[in-house]
Amino acid sequence: ETGVTQSPTHLIKTRGQQVTLRCSSQSGHNTVSWYQQALGQGPQFIFQYYREEENGRGNFPPRFSGLQFPNYSSELNVNALELDDSALYLCASTNPIAQGAGELFFGEGSRLTVL
Amino acid sequence: GQNIDQPTEMTATEGAIVQINCTYQTSGFNGLFWYQQHAGEAPTFLSYNVLDGLEEKGRFSSFLSRSKGYSYLLLKELQMKDSASYLCAPSGGYNKLIFGAGTRLAVHP
């Protein structure tokens, strides 16, 4: 157990809908990253939040957006869902200053299916 | 650009040794991580290399050559529970890990 919790664990949406995924980071971790993992692929970096501000973004369109709250928890929002958005969405937290390696601690993920 | 290359699949026998290679090209480099991911589960941290050389951690060791853009993960005394995907992930700075597609390792008796 990493102490990173995500909700919901599974959800089904239809094309064009919007979805919000939530993540609570491990205690003491101020940085949250979101990844998308399609079946059989490695996780793809979506964006990272540090102290409530976006701190880097991967190659994802603007309909992928996020928030980080003062308690360091985070949300991932996806608008205008497409079939290809079906994937496992992973949240990972870290505290780059406190930890030497700065490894990411992953939650169990939210599996999104778009029909 | 960013490119990470590792074998798609490997098989090995229980008790044996296996080496999973990874070559990478990234626009920035802050070290390289290896993660293990069992089917249907989250990735878990295995090792981190920032300097050239070998880091040993029990049955798992990881090697890095920054000049060659090359790393490998060495697993010794393989156990059935080591059947999983192994993800090579160079860090592009600010802990932004860029993951490869992963190597699916199957350990058989």
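Before going into details, it helps to say that this report is about the structure given with it. (Residues numbered from 1 in each chain as written. Chains lettered and ligands numbered in written order. Predicted model: local features only at pLDDT ≥ 70, side-chain atom pairs only at ≥ 80, totals over all residues. Heavy atoms only, no water.)

Within chain B, the regular secondary structure consists of zero helices and 10 strands. Taken from N to C terminus, the helices and strands of chain B fall in the order β-β-β-β-β-β-β-β-β-β. Over its C-alpha atoms chain B spans a radius of gyration of 13 Å, differing by no more than 12% from the 13 Å that the globule rule assigns to 109 residues. Each principal axis of the C-alpha atoms in chain B carries an extent, and together these give about 40 × 30 × 20 Å. Scored against the burial criterion, the 109 residues of chain B give a buried share of 48%. For chain B, the share of sequence-separated contacts (at least 6 apart) that also reach a separation of at least 24 residues comes to 55%. Approximately 5,200 Å² of chain B is accessible, and the part contributed by carbon and sulfur atoms is 49%. (Helix = DSSP H or I, 4+ residues; strand = E, 2+ residues; numbered from the N terminus. Rg over C-alpha atoms; globule rule 2.2 N^0.38 Å. Buried < 20%, exposed > 50% of the residue type's maximum accessible area, 1.4 Å probe, protein only. Contact = heavy atoms within 4.5 Å. Areas by Shrake-Rupley, 256 points an atom, 1.4 Å probe, with all protein chains shown as cover.)

Time to look at the pattern of salt bridges. Should their charged atoms come close, side chains of opposite charge can pair. Considering all chains together, one arrives at seven salt bridges over all chains under this definition. A:Asp85 is the salt-bridge partner of A:Arg63, the closest N and O atoms lying 2.8 Å from each other. Of this pair, A:Arg63 sits in the loop between β6 (53-57) and β7 (64-68) while A:Asp85 is found in the loop between β8 (74-78) and β9 (87-94), placing the two residues 22 residues apart along the sequence. For the residue pair A:Arg63 and A:Asp85, the accessibility class agrees, reading buried in each case. With its nearest N and O atoms 2.8 Å apart, the salt bridge here joins B:Arg59 to B:Asp82. Here B:Asp82 lies in the loop between β8 (70-75) and β9 (84-90) and B:Arg59 lies in the loop between β6 (53-57) and β7 (60-65), a separation of 23 residues in the sequence. Taking relative accessible area as the criterion, B:Asp82 reaches 2% and is therefore assigned buried. Each of A:Arg63, A:Glu82 and A:Asp85 takes part in salt bridges that share partners, so that together they form one network. (Salt bridge = Lys/Arg side-chain N within 4 Å of Asp/Glu carboxyl O.)

Here the focus is the interface of chain A and chain B. Between chain A and chain B, the residue contacts involve 21 residues of the former and 17 residues of the latter. Here chain A meets chain B over a buried area of about 1,600 Å², counting both sides, of which 56% is carbon and sulfur. The interface formed by chain A and chain B holds zero salt bridges in total. If you look at where chain A meets chain B, you find three residue pairs in polar contact (both at pLDDT 80 or more). Of all the secondary-structure elements, those providing two or more residues to the side of chain A that touches chain B are β4 (31-37), β5 (44-50), β6 and β9 of chain A. The element that contributes the greatest number of residues to the side of chain A that touches chain B is β5(A), accounting for three residues. In terms of residue class, the side of chain A that touches chain B is made up of eight nonpolar, 11 polar and two charged. (Buried area = accessible area lost by both parts, 1.4 Å probe. Polar contact = N/O pair within 3.5 Å; in protein donor to acceptor, adjacent residues only side chain to side chain. Nonpolar A, V, L, I, M, F, W, Y, C, P; charged D, E, K, R; others polar.)

This next bit is on the packing of aromatic side chains. For the structure shown, the criterion picks out 16 aromatic pairs over all chains. Aromatic side chains A:Phe60 and A:Phe64 sit 5.1 Å apart centroid to centroid with 65° between the ring planes, which places their arrangement in the edge-to-face category. With respect to class, A:Phe60 is no different from A:Phe64; both count as buried. Here the aromatic cluster, defined as three or more aromatic residues joined through ring pairs, consists of A:Tyr35, A:Phe45, A:Phe106, B:Phe33, B:Tyr35, B:Phe45, B:Tyr48 and B:Phe99. (Phe/Tyr/Trp six-rings, centres within 6.5 Å; stacked < 30°, edge-to-face > 60°.)

So, on to the state of the cysteines. All chains considered together, the criterion is met by two disulfides over all chains. A:Cys23 shares a disulfide with A:Cys91; S-S distance 1.8 Å. Torsion about the S-S bond of the A:Cys23 and A:Cys91 cystine: about -60°, corresponding to left-handed handedness. Note that A:Cys23 is positioned in strand β3 (residues 19-24) and A:Cys91 in strand β9, a separation of 68 residues in sequence. Residue A:Cys23 shares its accessibility class with A:Cys91, and that shared class is buried. Across the disulfide, B:Cys22 is cross-linked to B:Cys88 (sulfur-sulfur distance 2.0 Å). (Disulfide = S-S within 2.5 Å.)

What follows concerns the sheet that holds strand β4 (residues 32-37) of chain B. All names here are of chain B. Strands sit in the order β2-β10-β9-β4-β5 across an open sheet of five strands; the sheet is mixed. Pairing within the sheet leaves two strands with one partner each, and these edge strands are β2 (9-13) and β5 (44-49). Going across the sheet, the axis of each strand differs from the next one's by a mean of 25°, ignoring polarity. For β9 and strand β10 (residues 103-108), the ladder comprises three bridges, and the chain directions are antiparallel. (Pairing = 2+ DSSP bridges. Axes fitted to C-alpha atoms, helices over the stretch in contact; angles between N-to-C directions.)

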